[in-house]
Amino acid sequence: MKKVIIVGAGIGGLVSAIKLKHHGYDVTVIEKNERIGGKINQIKKDGFTFDMGPTIVMMPELYDEVFKYVGKDPNDYFTKTQLSPTNNIYFSLEDKVEVNTDLVQIAKIFEGMNEKEASGYLSYIDDIYERYVVSNEHILEKTSNKLSSIFNPKTLWDGFKLKTFDNTSHSVSKIAQSDHLRKLLSFQTLFIGISPYSRPSNYSANPMIETLYGIWFFKGGMYGYIQGLEKLMNEMGIKIITNTTVDEIFITNGQAKGVVIGEDIFCADIVINNTDFPYAMKNLVKNEKHRPRYTNKKLEKMDYSSSAFMMYLGLDLKLDHLNVHNSYLSSDFEGNIKDIFSATLPKTPSMYFYVPSKLDPSLAPANHEALYILVPVPSLKGVTQSWDKSFIQNFRKVVLNRIASENMIENLEDHIVSETILTPKDWESEVHAHYGATFGLAPTRRLSNDFRPQPKFKGIQHFYHTGSSIHLGAGIPIVMMNAQLCVNEVLKHDPNGEPNACSVYSKEYENA
Ligand SMILES: Cc1cc2nc3c(=O)[nH]c(=O)nc-3n(C[C@H](O)[C@H](O)[C@H](O)COP(=O)(O)OP(=O)(O)OC[C@H]3O[C@@H](n4cnc5c(N)ncnc54)[C@H](O)[C@@H]3O)c2cc1C
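Residues numbered from 1 in each chain as written. Predicted model: local features only at pLDDT ≥ 70, side-chain atom pairs only at ≥ 80, totals over all residues. Heavy atoms only, no water.

### A closer look at the sheet that holds strand E12 (residues 264–267)
The condition is simple: Note: two strands are recorded as paired if DSSP finds a minimum of 2 bridges between them. Helix and strand labels come from DSSP, where a helix needs a run of H or I of at least four residues and a strand needs a run of E of at least two; each type is numbered from the N terminus. To obtain each axis, a line is fitted to C-alpha atoms, and for helices this fit is confined to the stretch in contact; angles are then taken between N-to-C directions over 0 to 180 degrees.
Pairing is antiparallel in the open sheet, where three strands are placed in the order E10-E11-E12. Edge positions in the open sheet fall to strand E10 (248–252) and E12, since each of these has one partner strand only. Direction aside, the axes of adjacent strands within the sheet are offset by 40° on average.

Quick look at the structure:
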């Protein structure tokens, strides 16, 4: 039985661990933090429970898939319900669109704006659906390290159909007449760290997926799903070592042979990295000779997604006027996005509110609410501000003033009984997101599909990667598909069998 060490217990690492264990490998996951889940995590404070990172559950069949893969019923591990409406989108307090999965209802909303808008919306659904099918069939399902597979007539035609040479905003403006509909169909990219004005448009499928397949909610919040995975991993006998930081990947003779932790080397036949790829290159593969495509200089030149300023507020009131998911778009939407992607803090930020205690009362004390506020902000690349205490307090004021001036939540400050703030610096230190870029490397044209780092690492044998900065990109369902690609590569290049003899071994990690 071959030994696999997975560095990092983010969703990519967990899904890979479960699938490889199912294929008979001896799997150990090593995580620096106290709890598994990576960015999918939990903050428990003052009687409130907050999801730390992701909140929106799309494509629920992918969340089920890992349980089905190992012959288990997902319903024995976590509970999910479909939301309706899915999302409130505010252009101003009086100007709100309540998105749901009922096409008749949606058509009515847009007919109310202008009949052309309803037809624009339906054309958008049709257009994106076609691209989504192409994307699933031809691009998502393969990995490639060969140029011939990138530039062949088939992939170029697929790229044309996917409109990977266009940006989201331009694609949308061809079908949507009004400013409202344009924003509505493009703003989601902002909440996955991408500008709708300058990136390939194959990342604009979210509104279509939301309408046709719905948005779901897990009991206990997003972390309820991680607890389901943890239960399964324990049942399967996967070793999970927490509170342990890997210092280096042990590489010798062009092969990954294990990991270094402090003075010890822990041997493995296969090493899978689930930490953020640029962080891993810089910090875990220390010798640049092993990574000529990813030298420190080249890593600095790459494009990074934006980051997120987070407020987790316990409130002593109920937020009856809000949905579970609510997005407030800046009146200066375009300027706001330009700021974020040119290393400038937004003055009138767009923001997203998540109130899971509306659906799961166990997440807040009675008559209280757990409110999560996400404000997209620049990553740390190229910014001059330090996110020190006084800077944080100033930006906190900007956010609270905007909420007060638009009366999104009446007298919010008077009702805060618990408060936690996370900044790009915290994302960098907590989960080692390089530059605090919460969604990893940005999926720009030069970092998309085959041009993105791949699950199998070229030049070092037995070394694989899974996670947001790897092909296929960020977002939980996407990273779960990427984990499957990583598993496929391991099965192909390192089939299970007798373990290699460990040449260096100073401690039994099984007993750690
Ligand atoms: C604020 C926010 C909101 C989001 N919203 C959504 C959403 O609504 N829906 C959605 O689908 N996606 C969302 N995402 C994206 C999604 O969370 C990520 O794409 C996904 O969770 C990343 O998983 P990953 O496998 O790349 O690992 P990560 O979550 O990045 O985990 C990597 C793990 O490696 C560990 N690690 C790092 N260095 C070491 C080391 N040296 N030794 C040991 N362990 C180490 C880290 O502690 C971490 O646990 C959001 C992300 C953020 C931050």
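### Observations regarding the site of the ligand
Keep this limit in mind: Whether a residue is near a molecule or strand is decided by its heavy atoms; if any one of them lies within 4 Å of it, the residue is near. Polar contact is the term for a pair of N or O atoms within 3.5 Å; when the atoms are in protein, one must be able to donate a hydrogen and the other to accept it, and sequence-neighboring residues count only if both atoms are side-chain atoms. Each accessible area is a Shrake-Rupley result for a 1.4 Å probe, and residues are judged covered by the shown protein chains and nothing else. Throughout this entry, Asp, Glu, Lys and Arg are counted as charged residues, while Ala, Val, Leu, Ile, Met, Phe, Trp, Tyr, Cys and Pro are counted as nonpolar. The remaining residues, Gly among them, count as polar. Note that the domain bounds were set by an automatic or database domain assignment.
The immediate surroundings of the ligand are formed by 39 residues, with Glu-31, Lys-39, Ile-56, His-432 and Ile-476 found nearest. Gly-12 has a polar backbone atom sitting 2.9 Å from an oxygen atom of the ligand. Here the ligand loses 97% of its free accessible area of 1000 Å² to cover by the protein chains. Looking at the shell around the ligand, the elements with two or more residues in it are helix H1 (11–22), strand E17 (369–377), helix H15 (424–431) and helix H16 (476–493). Residues that form the shell around the ligand fall into these classes: 19 nonpolar, 16 polar and four charged. Residues from two domains meet in the shell around the ligand; each of domain 1 (3–41 + 59–77 + 220–301 + 444–511) and domain 3 (303–434) gives at least three.

### Some words on the pattern of salt bridges
Keep this limit in mind: For this analysis, a salt bridge means a side-chain nitrogen from Lys or Arg found within 4 Å of a carboxyl oxygen belonging to Asp or Glu. Relative accessibility thresholds used throughout: buried, under 20% of the residue-type maximum; exposed, over 50%; partly exposed, between the two (1.4 Å probe, protein chains only).
The tally for this structure, following the rule as stated, stands at twelve salt bridges. Across the pair Lys-239 and Asp-26 runs a salt bridge whose closest N-O atoms are separated by 2.5 Å. A residue pair is termed long-range when its members are at least 10 positions apart, and Lys-239 in strand E9 (residues 239–241) and Asp-26 in strand E2 (residues 26–30) qualify at 213 residues. A residue is classified by how much of its surface remains accessible, and Lys-239, at 24% relative accessible area, is partly exposed. On the accessibility criterion, Asp-26 (13% relative accessible area) is buried. With a shortest N-O distance of 2.5 Å, Glu-419 and Arg-396 are connected by a salt bridge.

### A short note on the environment of Ser-468
What counts here: What makes two residues a contact is simply this: any of their non-hydrogen atoms within 4.5 Å.
Along the polypeptide, Ser-468 turns up in the loop between strand E19 (463–465) and H16. According to the relative accessible area criterion, Ser-468 is buried, its value standing at 16%. Along the backbone, Ser-468 and Pro-443 are 25 residues apart, and their C-alpha atoms lie at a distance of 10.0 Å. Once residues lying within four places of it in the same chain are set aside, the contact partners of Ser-468 are Lys-39, Phe-439, Arg-452, Gly-473, Ala-474 and Val-479.

### Details of the confidence of the model for the protein chain
A low pLDDT score tells you not to read the predicted coordinates there in detail. The following threshold applies: Summary of the metric used: pLDDT quantifies the predictor's per-residue confidence within the range 0 to 100.
For the protein chain, the average pLDDT comes to 88, and 87% of its residues sit at 70 or higher. The low-confidence segment residues 143–152 (pLDDT under 50) makes 20 contacts with residues lying over four places distant or belonging to another chain. Every residue in residues 505–512 is under pLDDT 50, and counting partners more than four places away or in other chains gives 18 contacts.

### Things to note about the environment of Ser-362
Inspection of the secondary structure puts Ser-362 in the loop between strand E16 (351–354) and E17. Under the relative-accessibility criterion, Ser-362 is labelled exposed at 55%. With 313 residues separating them along the chain, Ser-362 and Thr-49 place their C-alpha atoms 8.2 Å apart. One polar contact links Ser-362 to Asp-360, side chain to side chain, over a distance of 2.7 Å.

### A short note on the nonpolar core
Selection criterion: Residue types Ala, Val, Leu, Ile, Met, Phe, Trp, Tyr and Cys, when buried and joined through side-chain atoms within 4.5 Å, form a set referred to as a nonpolar core.
Counting 93 residues, the largest nonpolar core has Ile-11, Tyr-63, Tyr-225, Leu-229, Ile-272, Tyr-312 and Trp-427 as its most contacted members. Broken down by element, the residue count for this core peaks at nine residues, all from H16. Counting residues in each nonpolar core, the second largest holds 59 residues, with Leu-299, Trp-387, Met-408 and Leu-412 among its members.

### Some details on the packing of H1 against helix H10 (residues 223–236)
Counted only if it meets this: By the definition adopted for this analysis, an angle is roughly parallel if under 35 degrees, roughly antiparallel if over 145, roughly perpendicular if from 65 to 115, and oblique otherwise. In this scheme the handedness of a crossing depends on how the near helix is turned from the far one: anticlockwise by less than a right angle means left-handed, clockwise means right-handed.
The N-to-C vectors of H1 and H10 enclose an angle of 30°; their axes lie 11 Å apart at closest approach. In terms of orientation, H1 lies roughly parallel with respect to H10. For H1 against H10, the interelement crossing comes out left-handed. Here Ile-11, Leu-14, Ala-17, Ile-18, Lys-21 and His-22 of H1 lie close against H10, whose contacting residues are Tyr-225, Ile-226, Leu-229, Leu-232, Met-233 and Met-236. A breakdown of the residues in the contact of H1 with H10 according to their chemical character gives ten nonpolar, one polar and one charged.

### Some points on the sheet that holds strand E18 (residues 416–422)
Read from one edge to the other, the open sheet built from seven strands follows the order E7-E6-E15-E16-E17-E14-E18, with strand pairing classed as mixed. Strands at the two margins of the open sheet, each flanked by one partner only, are strand E7 (96–99) and E18. On average, each strand axis in the sheet is inclined to that of its neighbour by 15°, with strand direction left out of account. Here strand E6 (residues 87–90) pairs with strand E15 (residues 325–328) via three bridges, running parallel. Its bridge partner being in E15, Ile-89 is matched across the sheet by Ser-327.

### So, the side chain of Ser-306
Its location among the elements puts Ser-306 in the loop between helix H12 (296–301) and strand E14 (307–315). Those residues in contact with Ser-306 that lie beyond four places of it in its chain are Leu-190, Gly-193, Ile-340, Phe-341, Val-377, Ser-379, Ala-437, Thr-438 and Phe-439.

### Quick word on the packing of aromatic side chains
To keep things clear, this is the line we draw: Side-chain rings of Phe, Tyr and Trp, where Trp is taken by its six-membered ring, are said to pair if the distance between their centres is within 6.5 Å; with planes under 30 degrees apart they count as stacked, over 60 as edge-to-face, and otherwise as tilted. In our convention, an over-ring charge means Lys NZ or Arg CZ found within 6 Å of a ring centre and within 35 degrees of that ring's normal.
For the structure on display, the rule yields 24 aromatic pairs. Between the aromatic rings of Phe-67 and Phe-78, the centroid separation amounts to 5.5 Å while the plane-to-plane angle is 45°, which identifies the pairing as tilted. With a gap of eleven residues between them, Phe-67 in helix H2 (residues 60–69) and Phe-78 in the loop between H2 and strand E5 (80–82) connect regions that are remote in the sequence. The class of Phe-78 is buried, set by a relative accessible area of 6%. Pairing Phe-457 with Phe-463 gives two aromatic rings, centres 5.4 Å apart and planes at 55°, and the pair type is tilted. By the ring-pair criterion, three or more aromatic residues cluster together here, those being Phe-48, Phe-50, Tyr-312, Tyr-352, Tyr-354 and Tyr-372. Here the guanidinium or amino end of Lys-231 rests over the ring plane of Tyr-77, the centre of that ring lying 4.7 Å away.

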